[in-house]
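What the coordinates show
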Amino acid sequence: MDETGSESELIRVRLGISYDGTDFTGWARQPGLRTVQGTLEESLSKVFREPIQLTVAGRTDAGVHAEGQVAHFDTTGELDADKLLYRMARFLPKDVRITEVGPAPADFDARFSAIRRHYVYRLTTARYGADPLHARSVVAAKPGLDLDAMRAASATLLGLHDFAAFCRRREGATTVRELQRFDWERDGELLNASVSADAFCWSMVRSLVGAILAVGEGRRTPEWVASLLTETERSSSVTVAPAHGLSLVAVDYPADAGLTARNAQTRETRTLPAVGGCCGD
């Protein structure tokens, strides 16, 4: 309530967030551990003088970075976006920054409103390894990777599939996802994998990259990668790529008019369509 005794109106605030995940134990708040969520909520709560709880687009693992993370919170306080941006730059440690601040519609949900999430995994094939200035965000890979084979293997995974072989199991969570982009770009000795999907399950991106690197090194074939989509449990043959090469670079949302419908759609449990069903099959 405000000073007149009436209830204050809640304001929904949308944040853009960037962080170096090296020294964080992931995004999610954990007692006694340094996390991105815990660090941000502590500082925001001091500024607004009330408990602030963040909802995030993607809960990154320990060591994973973000350049385009999105979160939201509700507050009864007043919002001055420019002032908040400046104050948080002073409050926060140097490895996390709020890069954007703005009001959001009541139906906006950083997690459930998201249409897709975009990640980049960064590698170098330089024989001396990663440049010291980029060693916290670039992973050293073996020289001589077969990029054509890697691209062919990645293409077999596009579309709506059960990615159980690539995901650490969470109780009650589906592993059905729509992989919308998985391609590789080389710039000299730098090699970037761009991976986009409607959502990702736990360790999925790093497992996808690990499987494709096995193809690039000649240890596996594109056909082996495609065969993993028939498995119903996490595959022990897939090596998870190191966390520090991965960064969440962007999250897409619908126009405001489509938020309510998107929230409802996201909350539905994803399943694969039945084989031989309707619609001309």
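Data block above holds the structure.
None of the values given here were measured: they were computed from a predicted structure. (Residues numbered from 1 in each chain as written. Predicted model: local features only at pLDDT ≥ 70, side-chain atom pairs only at ≥ 80, totals over all residues. Heavy atoms only, no water.)

Applying the stated criterion to the full structure yields 1 disulfide. For Cys167, the disulfide goes to Cys201, at an S-S distance of 1.8 Å. Note that Cys167 is positioned in the loop between β7 (159-162) and β8 (176-187) and Cys201 in the loop between β9 (190-197) and α4 (204-216), a separation of 34 residues in sequence. (Disulfide = S-S within 2.5 Å. Helix = DSSP H or I, 4+ residues; strand = E, 2+ residues; numbered from the N terminus.)

Turning to the side chain of Ser207, a few remarks are in order. Residue placement: Ser207 occurs in helix α4. When its relative accessible area of 0% is taken as the criterion, Ser207 is described as buried. Sequence-distant contacts of Ser207, defined by excluding residues within four places in its chain, comprise Phe166, Arg234, Val238, Thr239 and Val240. (Buried < 20%, exposed > 50% of the residue type's maximum accessible area, 1.4 Å probe, protein only. Contact = heavy atoms within 4.5 Å.)

Let us look at the side chain of Ser113. Structurally, the position occupied by Ser113 is in the loop between β4 (96-103) and β5 (116-124). Among the polar contacts made by the side chain of Ser113, one reaches the main-chain amide nitrogen of Asp109 at a distance of 2.8 Å. Only 2.6 Å separates the side chain of Ser113 from the side chain of Asn263, close enough to count as a polar contact. Among all residues touching Ser113, those that are not within four sequence positions of it are Asp107, Phe108, Asp252, Tyr253, Pro254, Leu259, Arg262 and Asn263. (Polar contact = N/O pair within 3.5 Å; in protein donor to acceptor, adjacent residues only side chain to side chain.)

Moving on: the packing of aromatic side chains. The description of an aromatic ring pair uses the distance of the two centres, along with the angle that the planes make with each other. Under the definition given, this model contains 6 aromatic pairs. Look at Tyr119 and Phe200: their rings are 5.2 Å apart centre to centre, the planes differ by 90 degrees, and that puts the pair in the edge-to-face class. Pair noted here: Tyr119 is in strand β5 and Phe200 is in the loop between β9 and α4, with a separation of 81 residues, a long-range link. For the pair Tyr119 and Phe200, one class covers both residues: buried. Judged by centre distance (6.1 Å) and plane angle (55 degrees), the ring pair of Phe163 and Phe166 falls under tilted. Above the ring of Trp202, the side-chain terminus of Arg168 is found at 5.5 Å from the ring centroid. The ring of Phe112 has Arg267 lying over it, and the distance from NZ or CZ to the ring centre is 3.9 Å. (Phe/Tyr/Trp six-rings, centres within 6.5 Å; stacked < 30°, edge-to-face > 60°. Lys NZ or Arg CZ within 6 Å of the ring centre and 35° of its normal.)

Moving on: the environment of Tyr119. For Tyr119, a relative accessible area of 9% gives the class buried. In sequence terms Tyr119 and Arg90 are 29 residues apart; their C-alpha atoms lie 28 Å from each other. Each residue touching Tyr119, except ones within four places of it in the same chain, is listed here: Thr60, Ala193, Ser194, Val195, Phe200, Val205, Leu246, Ser247, Leu248 and Val249.

On the surface, a cluster of positive charge is made up of Arg59, Arg111, Arg170 and Arg267. Here Arg111 is to be found in the loop between β4 and β5. (Patch = residues over 30% accessible without salt bridge, like charges linked within 9 Å, V, L, I, M, F, W, Y side chains within 5 Å. Areas by Shrake-Rupley, 256 points an atom, 1.4 Å probe, with all protein chains shown as cover. Salt bridge = Lys/Arg side-chain N within 4 Å of Asp/Glu carboxyl O. Lys, Arg positive; Asp, Glu negative; His and termini not counted. Charge placed at Lys NZ, Arg CZ, Asp CG, Glu CD.)

Let's shift gears to unusual backbone geometry. Phi is positive for Arg49, which is not a glycine, with a value near 60 degrees. Given the relative accessible area of 78%, Arg49 is considered exposed. Even without being glycine, Ser203 reaches a positive phi, approximately 70 degrees. Following the sequence through the fold, Ser203 ends up in the loop between β9 and α4.

Note that soluble globular proteins tend to have their nonpolar side chains buried in a common cluster. Counting residues in each nonpolar core, the largest one holds 75 residues, and the members touching the most others are Leu44, Leu157, Phe166 and Trp184. Ranked by residues supplied to this core, first place goes to α4 with 9 residues. Setting aside chain neighbours within four positions, we find Phe166 in contact with Leu157, Trp202, Ser203, Met204, Ser207, Leu208, Ala211, Val225, Leu228, Leu229, Arg234 and Val238. (Core = buried A, V, L, I, M, F, W, Y, C linked by side-chain atoms within 4.5 Å.)

Before going further, it helps to examine α4. The end-to-end C-alpha distance of α4 is 18 Å, a good match for the 18 Å that 13 residues give at a rise of 1.5 Å each. With 13 of 13 residues buried, α4 lies mostly within the body of the structure. Positive backbone phi, at 85 degrees, marks Gly218, one or two positions downstream of α4. (Expected span 1.5 Å × (residues − 1).)

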